[in-house]
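Each chain, written out:
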Amino acid sequence: MQKIDTFDAHEGQVNALLFTPDGETLLTAGMDNAVKLWTVGDWEPTGVLEGHEKSVNGLALSPDGELLATGSSDMTVRLWDLSEREVDLKLQDRKKVVAAVAISADGAWLAAGSYGGRAVIWTLEGSEVVGIQASAKNLSSIALSPDGELLATAGLGGDVNVWQIPSGALVETLSAHETAVPSVTFTPGGGHLVSLGYEGAIGVWSTESWELKRQVDLDQQGPRRLVVSPDGERAALGLEGVVQIWDAEAWIQLESLEIGTKATGGLAFSPDGSWFAAGAADGKVRIWQGP
């Protein structure tokens, strides 16, 4: 991939990145309490969403790109009308930091994972569907399956738990990691769940049998983020100072992208896979182009 641009995005770490479904806008969230919008291609700012009182930790978009969910250390989830750039809903379950949010591919569910180990599912109209005490420890990552029937939760501790929606019943507990699981994601086809262990390993699980199909040992501990490209062919892994790009089928490393600062933040592929963006602790976003 060819590095195209680096720009100042936030004061403090860039926690989350997301491209809109039409591929025309990049959304960034930071520790400065703001969400910012950037035009893809020239990377010029086009707007700021303000309202959170503390760090914005997670972003999720509805399938049509009209609604944006944000989760924050101010202990709220907010649902924004992107065209109007204003808040439609403000949700709060418990007085805990919201670490991650997700919206199902059919637009039926909004999910949030928080410190204290609790996950909640709402409708996009703000009605609570189910609350789940997913762990006794803090959650750091959640993921909804492509069919919207499963929620995966992970965080401190080595387990990934999978829950049925809308009942909230426990489907499976996956144990392959040690101290923490900072990222968990379903592959776009829904056939696998991928988990990232802080000890320095990737687990690839079958969503039919819940067997561990592959374990990939990394060359360093403390990985922070893992995302899979929309076509399911590549994965990006955030490590200290670098982002590694992997073949997400063979799980072979393809290349390493230098970040130049210690901590990586949010990672995102554009819908067509032609752009890749990485946020970092220095408040900058770095852009690469090409498969």
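Bear in mind the structure is a predicted one, so any value in this text is a computation, not a measurement.

Caption draft 1: Examining the environment of Asp88 more closely. Take Asp88: it is sitting in strand S9 (residues 86-91). Taking relative accessible area as the criterion, Asp88 reaches 43% and is therefore assigned partly exposed. Along the sequence, Asp88 and Ala9 sit 79 residues apart, while their C-alpha atoms lie 25 Å from each other. Those residues in contact with Asp88 that lie beyond four places of it in its chain are Leu67, Leu79, Trp80 and Asp81.

Caption draft 2: How the structure looks around the sheet that holds strand S18 (residues 183-186). Sheet architecture is open: four strands sit in the order S18-S19-S20-S21, paired in antiparallel fashion. Whereas interior strands pair on both sides, the edge strands pair on one side only; in this sheet they are S18 and strand S21 (212-217). For this sheet, the mean angle separating the axes of adjacent strands, direction not counted, is 15°. Pairing between S18 and strand S19 (residues 192-197): four bridges, direction antiparallel. When the sheet's bridge partners are listed, Thr185 is paired in S19 with Val194.

Caption draft 3: Up close: the sheet that holds strand S15 (residues 150-155). Spatially, four strands are ordered S14-S15-S16-S17 in an open sheet, and the strand pairing comes out antiparallel. The sheet terminates laterally at strand S14 (139-144) and strand S17 (170-175), the two strands that pair on one side only. On average, each strand axis in the sheet is inclined to that of its neighbour by 20°, with strand direction left out of account. Where S15 meets strand S16 (residues 159-164), five bridges bridge the pair, whose relative direction is antiparallel. Following the sheet pairing, Leu151 is matched in S16 by Trp163.

Caption draft 4: Representation of unusual backbone geometry. Geometrically, the link from Ile165 to Pro166 is a cis peptide bond, its omega value of 15° lying close to zero. Here Pro166 shows up in the loop between S16 and S17. Positive phi, normally seen in glycine, also occurs at Trp43, with a value near 60°. By secondary structure assignment, the location of Trp43 is in the loop between strand S4 (35-39) and strand S5 (45-49).

Caption draft 5: A look at the pairing of S16. Linking S15 to S16, which pair antiparallel, is a turn of three residues; within it Gly157 sits at a positive phi near 95°. Pairing of S16 with S17 involves five bridges; the strand directions are antiparallel. Its bridge partner being in S17, Trp163 is matched across the sheet by Leu170. Linkage of S16 to S17, two consecutive antiparallel strands, is achieved through a turn of five residues, within which Gly168 is found at a positive phi near 80°.

Caption draft 6: How the structure looks around the packing of aromatic side chains. Scanning the model with the defined rule gives six aromatic pairs in all. For the ring pair Phe7 and Trp38, a centre distance of 4.6 Å and an interplane angle of 45° mean the geometry is tilted. Of this pair, Phe7 sits in strand S1 (residues 2-8) while Trp38 sits in strand S4; the two residues are 31 residues apart in sequence, bridging distant segments of the chain. For Trp38, a relative accessible area of 5% puts it in the buried group. Measuring from ring centre to ring centre gives 5.2 Å for Trp43 and Trp275, while their planes differ by 85°; the resulting arrangement is edge-to-face. Note that Trp43 is positioned in the loop between S4 and S5 and Trp275 in strand S27 (residues 275-280), a separation of 232 residues in sequence. A relative accessible area of 4% places Trp43 in the buried class.

Caption draft 7: Seen up close, the side chain of Ser206. Among the structural elements, Ser206 can be located in strand S20 (residues 201-206). Within the local environment of Ser206, its side chain forms a polar contact with the backbone nitrogen of Ser209, the two atoms lying 3.2 Å apart. Not counting residues up to four positions away in its chain, the partners in contact with Ser206 are Gly191, His192, Glu211 and Lys213.

Caption draft 8: Structural view of the pattern of salt bridges. Enumeration over the complete set of coordinates arrives at six salt bridges. In this structure, Glu128 and Arg118 form a salt bridge, with 3.9 Å as the shortest nitrogen-oxygen distance. Note that Glu128 is positioned in strand S13 (residues 128-133) and Arg118 in strand S12 (residues 118-123), a separation of ten residues in sequence. Exposure remark for Glu128: the relative accessible area of 46% places this residue in the partly exposed category. With relative accessibility at 13%, the residue Arg118 sits in the buried group. The salt bridge involving Asp282 is made with Arg286; its shortest N-O contact spans 2.6 Å. Judged by its relative accessible area of 30%, Asp282 is partly exposed. One salt-bridge network, in which partners are shared between bridges, spans Asp93, Arg118 and Glu128.

Criteria and cut-off values
Residues numbered from 1 in each chain as written. Predicted model: local features only at pLDDT ≥ 70, side-chain atom pairs only at ≥ 80, totals over all residues. Heavy atoms only, no water. Helix = DSSP H or I, 4+ residues; strand = E, 2+ residues; numbered from the N terminus. Buried < 20%, exposed > 50% of the residue type's maximum accessible area, 1.4 Å probe, protein only. Contact = heavy atoms within 4.5 Å. Pairing = 2+ DSSP bridges. Axes fitted to C-alpha atoms, helices over the stretch in contact; angles between N-to-C directions. Phe/Tyr/Trp six-rings, centres within 6.5 Å; stacked < 30°, edge-to-face > 60°. Polar contact = N/O pair within 3.5 Å; in protein donor to acceptor, adjacent residues only side chain to side chain. Salt bridge = Lys/Arg side-chain N within 4 Å of Asp/Glu carboxyl O.

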